[in-house]
Amino acid sequence: MPTRSTSETWSVGGELPALSKSLTQEKIDAYARASGDFNPIHVDPAFAAGTFFGGTIAHGMLLLAYLSEMLTAAFGRAWLAGGRLKVRFKGVARPGDTVTVRGKVERVQDEGRRPDADARSGRPSGRLFAAVECVNQEGQVLVAGEAEVRLDG
Amino acid sequence: MSTNIELLEKGHRFPPVSFALDEATVRQYLEAVEDAALPALCRDGGQAWAPPMAVAALALRGLMEAMGLPAGAVHGSQEFEFRRPVAVGERLASRAWVAHRSQRSGWLALAVEMEATDEAGQTVLAGRASVLIPQ
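Quick caveat, the model's predicted, so the values are computed rather than measured.

1. Some points on the overall build of chain B
Now for step 1: Each helix and strand in chain B was counted, giving three helices and five strands.
Now for step 2: Overall, chain B shows an N-to-C arrangement of helices and strands of β-α-α-α-β-β-β-β.
Now for step 3: For the C-alpha atoms alone, the extent of chain B along its principal axes is close to 50 × 30 × 25 Å.
Now for step 4: Here chain B, with 135 residues, has 50% of them falling under the buried criterion.
Now for step 5: Residue pairs at least 24 apart in sequence account for 70% of intrachain contacts in chain B once pairs closer than 6 positions are excluded.

2. Description of helix H1 (residues 25-35) of chain A
Now for step 1: Among the residues of H1 of chain A, those classed as buried are Gln-25, Ile-28, Tyr-31, Ala-32, Ala-34 and Ser-35 of chain A.
Now for step 2: Considering only its buried residues, H1 of chain A is in contact with helix H2 (40-43) and helix H4 (60-75) of chain A together with helix H1 (23-33) and helix H3 (52-67) of chain B.
Now for step 3: At the exit of H1 of chain A stands Gly-36 of chain A, carrying a positive phi of roughly 80 degrees.

3. Thoughts on the environment of Pro-95 of chain A
Residues and elements named next belong to chain A.
Now for step 1: The topology assignment puts Pro-95 in the loop between strand S2 (84-89) and strand S3 (98-113).
Now for step 2: C-alpha separation for the pair Pro-95 and Val-143, spaced 48 residues apart in sequence, amounts to 16 Å.
Now for step 3: Discounting chain neighbours no more than four positions away, the residues touching Pro-95 are Leu-23, Thr-24, Gln-25, Ile-28 and Thr-56.

4. What about helix H2 (residues 37-45) of chain B?
Now for step 1: Of all the positions in H2 of chain B, only Ala-37, Leu-38, Leu-41 and Cys-42 of chain B are classed as buried. Axial view of H2 of chain B: buried residues confined to an arc of 135 degrees, hence all on one face. Summarising the geometry of H2 of chain B, the exposed residues directed more than 90 degrees from the buried face are Arg-43 and Asp-44 of chain B.
Now for step 2: Contacts from the buried residues of H2 of chain B go to H4 and helix H5 (77-80) of chain A together with H1 of chain B.
Now for step 3: Two residues or fewer past H2 of chain B, Gly-46 of chain B is found with a positive phi of approximately 70 degrees.

5. Here's the deal with the packing of H4 of chain A against H2 of chain B
Now for step 1: For the pair H4 of chain A and H2 of chain B, the least separation of the axes is 8 Å and the interaxial angle reads 30 degrees. Relative to H2 of chain B, H4 of chain A is oriented roughly parallel. The handedness of the crossing between H4 of chain A and H2 of chain B comes out as left-handed. Here H4 of chain A contributes Glu-69, Thr-72 and Ala-73 of chain A to the contact with H2 of chain B, which in turn contributes Ala-37, Leu-38 and Leu-41 of chain B.
Now for step 2: Split by residue class, the contact of H4 of chain A with H2 of chain B holds four nonpolar, one polar and one charged.

6. Describing the confidence of the model for chain A
Now for step 1: Across chain A, the average pLDDT comes to 89, with 86% of residues at or above 70.
Now for step 2: Considering only residues more than four positions removed or in separate chains, one finds that residues 117-122 of chain A, a stretch of pLDDT under 50, has four contacts.

7. Overview of the pattern of salt bridges
Now for step 1: Across all of its chains, the model carries twelve salt bridges over all chains by this definition.
Now for step 2: In this structure, Glu-69 of chain A engages Lys-21 of chain A in a salt bridge whose closest nitrogen and oxygen atoms are separated by 2.8 Å. Residue Glu-69 of chain A is located in helix H4, and its partner Lys-21 of chain A is located in strand S1 (residues 19-22); the two are separated by 48 residues in the primary sequence.
Now for step 3: Judged by relative accessible area, Glu-69 of chain A falls into the buried class, the value being 7%.
Now for step 4: Residues Arg-27 of chain B and Glu-23 of chain B are paired through a salt bridge, measuring 3.4 Å at the closest nitrogen-oxygen approach. One end of the pair, Arg-27 of chain B, and the other, Glu-23 of chain B, are both in helix H1, four residues apart, so they sit about a helical turn from each other.
Now for step 5: Take Arg-27 of chain B: its relative accessible area is 43%, and that puts it in the partly exposed class.
Now for step 6: Judged by relative accessible area, which is 54%, Glu-23 of chain B ranks as exposed.
Now for step 7: If you follow the salt bridges from partner to partner, you end up with Arg-84, Arg-127 and Glu-148 of chain A together with Glu-81 and Arg-83 of chain B in one network.

8. A look at the interface of chain B and chain A
Now for step 1: Every contact between the two is made by 35 residues of chain B and, on the other side, 37 residues of chain A.
Now for step 2: When the two sides are added together, the surface that chain B and chain A hide from each other amounts to roughly 3,100 Å², 64% of it contributed by carbon and sulfur.
Now for step 3: The interface formed by chain B and chain A includes two salt bridges.
Now for step 4: In this structure, the salt-bridge partner of Lys-27 of chain A is Glu-34 of chain B, at a minimum N-O distance of 3.2 Å.
Now for step 5: Mapped onto the side of chain B that touches chain A, the elements with two or more residues apiece are H1, H2, H3 and strand S2 (74-82) of chain B.
Now for step 6: Counting residues per element, the side of chain B that touches chain A draws most heavily on S2 of chain B, at nine residues.
Now for step 7: Of the residues in the side of chain B that touches chain A, the class split is 22 nonpolar, six polar and seven charged.
Now for step 8: In this structure, S2 of chain A lies alongside S2 of chain B, joined through five bridges in antiparallel fashion. Bridge pairing in S2 of chain B links Val-87 of chain A to Gln-78 of chain B.

Rules and cut-offs
Each chain carries its own residue numbering, running from 1 in the direction its sequence is written. Going through the entries in the order they are written, you letter the chains from A and number the ligands from 1. Residues qualify for local features only when their pLDDT is at least 70, as the model is predicted, and side-chain atom pairs are given and counted only at 80 or more; totals for whole chains, interfaces and linings, by contrast, use all residues. Working from all heavy atoms in the structure, the side-chain values ignore hydrogens and water. Secondary structure elements follow DSSP: runs of H or I no shorter than four residues count as helices, runs of E no shorter than two count as strands, and numbering proceeds from the N terminus. Classification of residues uses two cut-offs on accessible area relative to the type maximum, computed with a 1.4 Å probe and protein chains only: under 20% is buried, over 50% is exposed, and between them is partly exposed. In what follows, residue pairs with any heavy atoms lying within 4.5 Å of each other are defined as contacts. In this description, one arc is meant: the one made by directions from the helix axis to the C-beta atoms. To get an axis, a line is fitted to the C-alpha atoms, and for a helix only the part in contact is used. The angle between two axes follows their N-to-C directions and goes from 0 to 180 degrees. By definition in this entry, angles of less than 35 degrees are roughly parallel, angles greater than 145 are roughly antiparallel, angles of 65 to 115 are roughly perpendicular, and the rest are oblique. Crossing handedness: left-handed means the near helix sits turned counterclockwise from the far one by under a right angle, and right-handed means the same turn made clockwise. Amino acids are sorted into nonpolar (Ala, Val, Leu, Ile, Met, Phe, Trp, Tyr, Cys and Pro), charged (Asp, Glu, Lys and Arg) and polar (every other residue, Gly among them). Per residue, pLDDT measures the predictor's confidence, with a range of 0 to 100. By definition here, a salt bridge exists when the distance from a side-chain nitrogen of Lys or Arg to a carboxyl oxygen of Asp or Glu is within 4 Å. The term buried area denotes the loss of accessible surface (1.4 Å probe radius) that occurs when two parts are joined, taken as the sum for both partners. Strand pairing follows a simple DSSP-based rule, namely that at least 2 bridges must link the two strands.

In structure tokens form, the structure reads like this:
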């Protein structure tokens, strides 16, 4: 999917490119190795069975990685350079779950022409705010929040 | 070195931790999270960028090791601001401090603010995490 980052391209109500991932214990273990987060609630089924959760759960940061992939696909470099994300964890993802990340543009703030190089190019600038979430196969919201990117025309 | 969780009062500052976004680390991360978008962006732009959430995860890794979180601690909320793209191969340092501490319903809630800076001292990532610790 081509990336987009102009305020002309995105309008309120526009949907970000949703993506789904199937979770397995092997994938959670792989994330633990990649991130260095070996909290037993994620990687030790015997330990996790005796906790409030009753079994292992995926790292919250793994779900945020899926959100970040969606935002990279949607906004390209603008997500890496000035992107903001604010989320709450509302539920847990478990091995066997299929999670979907999705988002919708809530508002676009047009900041007009920049008084710098962008003014010479005549390109508009602004900020885009999107509601984002991660849900499981039953539609339960696991992560919800807002992403913000700077639009540079 | 980890810190006794009981000593983590508001204002406590964790020792800075340095980490590198080397090629092997980034590749392992991309494979683990099955990220297809970042490699496509790098191919199109001719630049090897680290995934922003990998920068965040590695910054948090050092923090978690310093905090010495007990087993069962979970994430409550998270905020990140990615100030600029981080290139593969960059070395960063993360700093963190306790911004808030409270207790409720058998859980200890800690809010920790953090930032990651490059070798020039410029902030590339800022964030705030809330962590819930069972008591």
